[in-house]
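Listed below are the residues making up each chain.
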Amino acid sequence: MAELEEMEAQSFREEARAWLKANFPPSLTNAPSIHFVSDRHAAESNADWCLWRQRMAEKRWGVPTWEQRYGGAGLTQAHGKIIGQELAAIGGFNPIRSYGTMMLGPTLLEYGSEEQKREHLPFIATNERRWCQGFSEPGAGSDLASLQTKCIDMGDHWLVSGQKIWTSGADQADWCFALVRTDTSRKQGGISFLLIDMKSEGVEARPIVLISGSTHFCEVFFNDVKVPKGNLVGQVNQGWAIAKRLLQYERDSLSDVKAEITPLAPLAHQYCGTDVMGRIDNPDLRARMVRNAMRHEAYLATVSRLAREAKSGGPGYGVSALKNLWSGIIQDRAELLIELMGANGLGWSGEHYTDAEREATRAWLHSKAFSIYGGSYEIQNNITAKRTLELPA
Amino acid sequence: MAELEEMEAQSFREEARAWLKANFPPSLTNAPSIHFVSDRHAAESNADWCLWRQRMAEKRWGVPTWEQRYGGAGLTQAHGKIIGQELAAIGGFNPIRSYGTMMLGPTLLEYGSEEQKREHLPFIATNERRWCQGFSEPGAGSDLASLQTKCIDMGDHWLVSGQKIWTSGADQADWCFALVRTDTSRKQGGISFLLIDMKSEGVEARPIVLISGSTHFCEVFFNDVKVPKGNLVGQVNQGWAIAKRLLQYERDSLSDVKAEITPLAPLAHQYCGTDVMGRIDNPDLRARMVRNAMRHEAYLATVSRLAREAKSGGPGYGVSALKNLWSGIIQDRAELLIELMGANGLGWSGEHYTDAEREATRAWLHSKAFSIYGGSYEIQNNITAKRTLELPA
Amino acid sequence: MLNEEQRMLKDMAAEWVHDRLPVTALRSFYGHDGGGRPDAEGFDPEAWAEMAQMGWAGILVPEAHGGSDFGYRGMGLVLEELGRTLGTSPLLSSGLVAASALRLGGTEAQQARWLPGIADGSAIGTLAAEEGAQHGREDVALAATAAGGGWVLNGVKRPVQDGMAATFAIVTARTGGAPGDRDGITLFLVEGGASGLSREALDQIDARRPAFFRFDNVAVGADAVLGEAGKGADLLDRLFDLAAVGIAAEMLGNACQAFDTTLDYLKTRVQFGAIIGSFQALQHRAAEMFGELQLARSAVEAALDAIDADDTALPALASLAKATVGETLHGISSQMVQLHGGIGMTHEHDAGLYLKRARVAAQCYGSTAWHRERWARLNGY
Amino acid sequence: MLNEEQRMLKDMAAEWVHDRLPVTALRSFYGHDGGGRPDAEGFDPEAWAEMAQMGWAGILVPEAHGGSDFGYRGMGLVLEELGRTLGTSPLLSSGLVAASALRLGGTEAQQARWLPGIADGSAIGTLAAEEGAQHGREDVALAATAAGGGWVLNGVKRPVQDGMAATFAIVTARTGGAPGDRDGITLFLVEGGASGLSREALDQIDARRPAFFRFDNVAVGADAVLGEAGKGADLLDRLFDLAAVGIAAEMLGNACQAFDTTLDYLKTRVQFGAIIGSFQALQHRAAEMFGELQLARSAVEAALDAIDADDTALPALASLAKATVGETLHGISSQMVQLHGGIGMTHEHDAGLYLKRARVAAQCYGSTAWHRERWARLNGY
C-alpha cells in the first residue's frame, strides 16, 4: 500500500517537474514573489507574470487541494506538497498566492455557504479577484473586538458605515472581507463577517504614507454602503469566531515566511574593515552581529523542528512565541545592517547611496511593523502566557 | 554671614580631622565596615573595633545631629557632613552605624513618644543595643501589608503570635521593631508598629542557610509573647504609614551604597589572556564587560548628580529606578567576575581556589538578593511607574 | 547643578524652541513621500538668525570676538532643548565645532576673521573630516600637496554636516603618511566658495541634507592651515570629542521628548477598555526607560562639565556620553514606534521622525559601537 | 522527530529519573552549609549500576562490545531527562565522551579492553584535557616524554569531570611544540590507579566534585596512545564537540525543569490578593523564556542529529547548541531565583541548585562566550 503510494507520488513528481519546466517563464526565476502579492500593479504590468498566472489558473495548481467545483485541482495534500517542492526547486513561485488563497479561501471553505463558495472561490483560484482585509479601526488596534463600524439590517440589504485602517492593498482590491458591528450591546458577540464589493457606492480607500515611504496600507471609509444580504458569512453576530480562525491562518502564513539568511559578515568586512586577526574591525558591533546570526540559525532550526513535529496541517503550537522571536531577530538584523553601513545606511534617495544601501534603509524602517501588525509583540506575549502556558487572567 | 559660617566650618573641620586622627585605630583603615554592621560577632570580637566604638560613643559623633538628650552631639547637618567627609578621607568608618541609626532611629524621632526616644535612642547612639526588622512573613513578601502576625490587646499588655522571615541578624539582635496585625478586618489599616525585646519569653530566632552559605537572615517565631503596652509606636492600626516611612529610609540607605568599582579589566587579562592587539582575549565576554563597566560609570555619575540635585536630606526622587539600575549593574558585574574566572570561579571551599575566587563566587550568589530584598525589582518598577511616571493603576 | 544664568538660558531656549521650532518645522523639510525636500536646506535661515541674535551662536566665542564665552554646559542646554523638538540649525556645526576649532587651533588672524561671524550668525562653519561610511579619525585620504607656498587639495568628504550652507569648513587632509597614520594629518580652513570645491546634498532620512564635498585642485594659502601642518591629529581628536558631546546633548533632548510623548500616549490611549498605561508590562518598560534616561543624562552632563573644567578625562567621558545616550535613544526611539502601534508607523506621526534622527545622530561623530571600543581601549579592556 | 524506540527510551528515562534521582538525591551530596559533602563522590554508585543495567552506559558502544549502538540522539534524550532533576552520574563522561574517544581513536585492543566495561558500567572513563581556568583546546602544557619505548607524563589537569571515580582517563599531553600549538598534542589512555597519579576532589558549587589530577612521572606504554602521537588535535576537537553537545542536552533538561518549576510557582503563589502569574509583567517574562527555550531545544536537537548523520557542519552546530542553551539556561536559572523571591535565595529551595549547576555547566567543555567566538570564526565574522 505504502509502496504503491510512493510509486504514484514519484510519477506525479516527474509529471509536475516536466509541466513546471515547460510552463514557468524563466524570466521570473527567483523573482521577489511576495512583491507580486502585495503590489498588483507590479504584477499585472509584467507580461510574464500574467502568462504564468494564466497557465497556473488553467492548470488549477494555484490551489491544488481545493475541490474542482471551486477552481482547484482536487488533489491530496501530498500532491500539493510535491508541486510546491518542485516549484521551489526551479526558483519558481505560485502566482495565485494572495490574501484570498491564504486567508479568505480557507475561511470560506470552513464557514461559507455553498453559494458564497461558488461565487468567490473560483476567482480566488485564478487570482483574478483581489481581496483586502477590513478588520482594524483607528480605535481598535490590538483590541480588535472593540471595532465600531456599523452594519444595520435594512431588510433587503445591510447598511454599512464606518472607518477601517491598515487595510493592505485596499486601493488595488476588488473585494473586502470585513468585520462589522451588528449588535452594540455585546462586544465580541456583536460582530459579523461581511463580504463587501469595493466598487460599491460609498466605499473610499486612501493610501497611508508609512515611515518607510510605502503606501501599501490604506484607510477605508464606508459611507452608507449597501451590501446584499447574502454577503454575510456564517450567522449574524458570529463573526468573531470566524475572524479568530482567519487570524490563525494569517499568523500561520506569517510565521511561515522563511526570512532570508544572507550572512551579514562579508558586508561587515567590506564596510568596517578587518583587524589583524581577520575579524570584523568593530568588536562591539561584531559581538551583536554574531549573537543575532546565532539566534537566526536557531530560529530557522526551530521552524524546521516545529514543522516536523506538527502532525496535521492546522494552526500549530506556540505560534505566538515564534512570531515574537521572528520579529525580534529580523528587526535586530535590519538594525545591524544599517549600522554596519554607517553613514551610508541612512540615505533616502539619490545616487550617493547604492541601491543596496537604500533598500537596507527602507527595509529597516519597514521591519518596525513586524512587531505591530498581525498581533503586536505585546498581544502575542499575552497569547503565549494565557493559551500556551495557561497562566491565569 | 555666609563668610562667618564658612570660617566656623573650616575650624570645625580642622578640629574633627585632629580628633579622628588621634582616635581612629589605624588597624581598621579601609576595613569592610558593612561587615561589622551585619556581623555583631565579628565586630565585638575585634578589640580595636570595640575601642573605636567606645570612643565614638563617648564623642557622640556616631549620630552627630541627634539631640544631646538622645545620645547625639546636637550638631547641624553641615557639621555631620564634615565629620563624614573627614572620616572617609582617612579610610575610616562610623562604628555606630547600624539598622538602629539608619532605620529605627529616624523613625522614632519622627513617630516615637518622648519616653520611647529616651528609652531607646541613647543605646542606638552608642551601638550597644542591636535591632532587627520584623516585617516580612512567609506569606507576605512583596505584598507586605498582607502580614498575619497577631497582636491582641490583653488590657495590660499585648500578646503577639506569628512568624517573621528574612529578619537580618535576628539571632544577634537585642530588640526587634515589628509590624503586627491589630485588626483583621482591614489590610493596611489593621497594622501596628511594635518594639519587642528579643529576650522576651516565646521569641525564637532560627538562622536560614542561603544559597551563598550565609546565615545572616533568620526566621523569627513569636509564641504568645507578652509585650508592654508602652512599646507600641504611634497609634494602634497606624503602623503602615510608619513602616512606609521607615522603608523609605531603608531604600535611601540602600541606594546610598557606593558599590566598589574596582575595574575588572586587569583580572580579565590575567584569566583570559590578551590578544595581539592588547585586548582581553575573549571578545564576547569583553564586549559584555565593557558595557557593564560603562553602565557602572554612568550609574556612579547618576548618584553624584542626584545627590547634587537633592535640595533637602529627605528621601529623593526616582530612588526606585536607581535601585533597579544598581541591582542590575552589580548583579551583571558579579556574573562577569565569575565568568572571567572560568572553572576557578565555581569553587565553594578548599585550597584549589584562591580566597579571591571563593569570595567572588559567594558574592555572586549573594548578589541575587539585591533585586529581591528591600523591595523586589518588580515592586520598584511598579513604584516608578505609579509614583514617578504617574501611570494609572 | 545649574547656576542662575544657566537656568535662565535653559528656560528661554525651551520656550523659544517650543514656539519657533516645533516638530512641524522639521516636517516642512520633508517631501510628501518621506524623503528630504530637494529644495530645502535642512534648516530655517530666519530661525537661525533669531538664534544668533539671542546670542546662542556665540556662546563659545570669546567676548572680544563678539560672543559671550558662556561655556559648553550652556551650549549643551540649548542643544538639548533643540533636540526635544528635533529642531534643526547649524548651531552644533558652527557655534560649537567650528568655534572650538578656531579657539583651539586658530591664529589670531583666523580668529579675528571668522569668530565674529560665527557669533552673529553671518558665517556658518563646519567640520569636513569624514570620508567613509564608518567614523575613522585617522582614515584621511584627501590629499594636500604643497604648491607655490600654499596647498592644493584633492579628494572627497562625506557627510559634511550643514555642509550645503557652510561659509567655511575645517577640512582634514593628508600632507604626509598614509590613511590610518596619525602623523601627516593637517587641518585646513577652506571657504565654501573656493574654486574647485563642489557640493551636493545627501538626501538623508532625517531631512537634514548634509553635503558631499568634492575637492578638485582646490588651492589654499599657507595661512589656511589650522594648527601645525602634519600634526593635526590631536586637535582633530579634541574637535571630534567636543562634537560628540554636543550631539550627545542634542540626543538627550531627543530621548527625553520621545519618552515624554510616549508616556503621554500611554496615559491616554484606550484598548480593551483600559488606558494602556495601566498594563503592567508597559509600565515596567516605561520604568526601565526612565532609568536608562537617568544614566544618559548623567553621562552627558558629566562630559559637558568636564569640557568646562578642562578635565583630562574628557576623551573617556565623551565616549561614555555618546555611547550611553546612543544606546538609550536607540531603545526609546524604537519603543516610541512600538508603543504607538500602527499610527507610529505612519509618516504623519512624530515617532518616525525621532526614529530616523536617532539613527543619524547615533552615527555622527563616531557611532555607539565606535565610542564603546574607544572607551574600552582607554580603560584597558 | 523521535522514532518509536527513541520515544520509549525517553519515557523510560523520564520515569526512572523522576523516581530514582529526584532533586533530593542531589541534595544529599551537599553539606549542611551549602558546599559539597567531603565524603561524597558526587554521584550514587547504585543508581549508576541501575543505569548501566538498563543499557544507558552502552548507548554509544557497538553491539560487538556489549552496547546497543543507539546513537547520540538517544543518549541526548537520557541526558536531558537527567538534567531535569539535576541527576548526577558519569554517563556523559564515560558513556558519551570516553566511549566516543575509543570508537574514534582507539585500537582494536583498546576498544576490546575498555568498551565492554563502559557498557556494563564496571569501568568509568573520562576526559582529562583542561588545565587552566578558561577552556583552551590547544593550551596543553602537561608534558609527555618518550622513555624506554613508552612515555612519562608530568603536569596537572583540572577540572576532570567525574575524575575521582574514573577507572581511566583520556589525557591530553604535549609530545612536541608549545602550549597553544595544534601540533604536538597526544591523547593517552591512563588508568586511574597508575603509579605517580594523584587525585584530589574540587569542592565545586554544584556538589559534583570533579578532580584535580597531578601527574608525577606517570609511566605509560606505547599502547596507551589514542590515535596518532603528536596529531591528537583533531580528535580532541571532535571529542570536545561531542562533549559540548552532550552537556547541552543535559542543560536543556535543566532549563526545561527550571522553567516548569517556576511556572508552577507563578500559578500558585499569591501576593496582593492575586496569583502572581496573573501579573502581566511576569506573564510576558514567562512568554519570553518559553520562546528562548524553543530556540535552545532546536539548536540542541539539530546538533545531536548532526552527530548521528555525520554532518560536517557539526563544529558550528555544536557551538550553536552549547552557546544557545548556555544563554537560555543562564537567563532562566536567574529568573528562577528572582521569581521565587526570598525563598529562592535559601539553600533549602531547589532554585539555588539549578542556578549553581547552570554556571558550572556553562563553563564545561567551553563556555558560552568561547562557543560564540568559535561559531563566529567558523562563519567568517
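Quick notes on the rules
- Residues numbered from 1 in each chain as written.
- Chains lettered and ligands numbered in written order.
- Predicted model: local features only at pLDDT ≥ 70, side-chain atom pairs only at ≥ 80, totals over all residues.
- Heavy atoms only, no water.
- UniProt positions renumbered as here; feature names shortened; annotations may be inferred.
- Helix = DSSP H or I, 4+ residues; strand = E, 2+ residues; numbered from the N terminus.
- Expected span 1.5 Å × (residues − 1).
- Bend = angle between axes of the 7 residues up to and from the residue.
- Buried < 20%, exposed > 50% of the residue type's maximum accessible area, 1.4 Å probe, protein only.
- Domains from an automatic or database assignment.
- Contact = heavy atoms within 4.5 Å.
- Buried area = accessible area lost by both parts, 1.4 Å probe.
- Salt bridge = Lys/Arg side-chain N within 4 Å of Asp/Glu carboxyl O.
- Nonpolar A, V, L, I, M, F, W, Y, C, P; charged D, E, K, R; others polar.
- Polar contact = N/O pair within 3.5 Å; in protein donor to acceptor, adjacent residues only side chain to side chain.

Things to note about the UniProt feature "domain: Acyl-CoA dehydrogenase/oxidase N-terminal" (unreviewed entry) in chain A
Thinking step 1. UniProt feature "domain: Acyl-CoA dehydrogenase/oxidase N-terminal" (unreviewed entry): in the numbering of this structure it lies at residues 8-128 of chain A.
Thinking step 2. Between the end C-alpha atoms of residues 8-128 of chain A there is a gap of 32 Å, over a span that is 64% helix and 0% strand.

Structural notes on helix α6 (residues 108-120) of chain C
Along an α-helix, residues three or four apart share an orientation, since each turn contains 3.6 residues.
All names here are of chain C.
Thinking step 1. For α6, with 13 residues, the first-to-last C-alpha span of 18 Å sits near the 18 Å given by 1.5 Å per residue.
Thinking step 2. At Trp 114, α6 shows its largest bend, some 30°, and a proline, Pro 116, comes one to four positions later.
Thinking step 3. Here α6 has its buried residues at Gln 110, Gln 111, Trp 114, Leu 115, Gly 117, Ile 118 and Ala 119.

A look at the UniProt feature "domain: Acyl-CoA dehydrogenase/oxidase N-terminal" (unreviewed entry) in chain C
Thinking step 1. UniProt's feature table lists "domain: Acyl-CoA dehydrogenase/oxidase N-terminal" (unreviewed entry) at residues 3-121 of chain C, given in the numbering used throughout.
Thinking step 2. Taken end to end, residues 3-121 of chain C has its terminal C-alpha atoms 26 Å apart, with 61% of it in helix and 0% in strand.

Considerations on the domain arrangement of chain C
Residue and element names in this part refer to chain C.
Thinking step 1. Partitioning chain C into structural domains gives domain 1 (4-123), domain 2 (127-231) and domain 3 (234-378).
Thinking step 2. Relative placement of domain 2 and domain 3: their C-alpha centres are 30 Å apart.
Thinking step 3. On the side of domain 3, 18 residues touch domain 2, which itself brings 16 residues to the contact.
Thinking step 4. Across the interface of domain 2 and domain 3, roughly 1700 Å² is buried in total on both sides, 61% from carbon and sulfur atoms.
Thinking step 5. The salt bridge involving Arg 357 is made with Asp 206; its shortest N-O contact spans 2.8 Å.
Thinking step 6. The class makeup of the residues in the side of domain 2 that touches domain 3 is 5 nonpolar, 5 polar and 6 charged.

Observations regarding the interface of chain A and chain D
Thinking step 1. In this assembly, 41 residues from chain A lie in contact with 36 residues from chain D.
Thinking step 2. Regarding the contact of chain A and chain D, the summed buried area is about 3300 Å², with carbon and sulfur atoms giving 62% of it.
Thinking step 3. Between chain A and chain D we count 4 salt bridges in total.
Thinking step 4. With a shortest N-O distance of 3.5 Å, Arg 279 of chain A and Glu 373 of chain D are connected by a salt bridge.
Thinking step 5. Linking chain A with chain D are 17 residue pairs in polar contact (both at pLDDT 80 or more), by the criterion used here.
Thinking step 6. Sorting the residues of the side of chain A that touches chain D by element identifies α9 (265-272), α10 (283-309), α11 (319-341) and α13 (377-388) of chain A as the ones contributing at least two each.

A few points about the environment of Met 102 of chain B
Thinking step 1. Along the chain, Met 102 of chain B falls in helix α6 (residues 99-111).
Thinking step 2. Expressed as a C-alpha distance, the spacing of Met 102 of chain B and Leu 246 of chain B, which sit 144 residues apart in the sequence, is 9.1 Å.

What about the interface of chain A and chain C?
Thinking step 1. If you look at the interface, chain A gives 48 residues, while chain C gives 44 residues.
Thinking step 2. Together, the buried faces of chain A and chain C total about 3600 Å²; carbon and sulfur atoms form 58% of this surface.
Thinking step 3. Our count for the contact surface shared by chain A and chain C stands at 3 salt bridges.
Thinking step 4. Among the ionic pairs, Asp 284 of chain A bridges to Arg 372 of chain C, the shortest N-O distance being 2.7 Å.
Thinking step 5. Counting across the chain A and chain C interface gives 22 residue pairs in polar contact (both at pLDDT 80 or more).
Thinking step 6. Examining the composition of the side of chain A that touches chain C, we find that 5 residues originate from one element, α11 of chain A, more than from any other.

What about the pattern of salt bridges?
Residue and element names in this part refer to chain D.
Thinking step 1. Applying the stated rule across the entire model yields 111 salt bridges over all chains.
Thinking step 2. Arg 182 is paired through a salt bridge with Glu 138; the nearest N and O atoms lie 2.9 Å apart. Taken together, the residues Arg 182 in the loop between β4 (168-174) and β5 (185-191) and Glu 138 in the loop between β1 (125-128) and β2 (143-147) connect sequence positions 44 residues apart.
Thinking step 3. Residue Arg 182 is classed as partly exposed on the basis of its relative accessible area of 34%.
Thinking step 4. By relative accessible area, Glu 138 is classed as partly exposed at 23%.

Remarks on the domain arrangement of chain A
Thinking step 1. Each assigned domain of chain A is listed with its residue range as follows: domain 1 (2-97), domain 2 (131-248) and domain 3 (259-388).
Thinking step 2. On a C-alpha basis, the centroid separation for the pair domain 1 of chain A and domain 3 of chain A is 29 Å.

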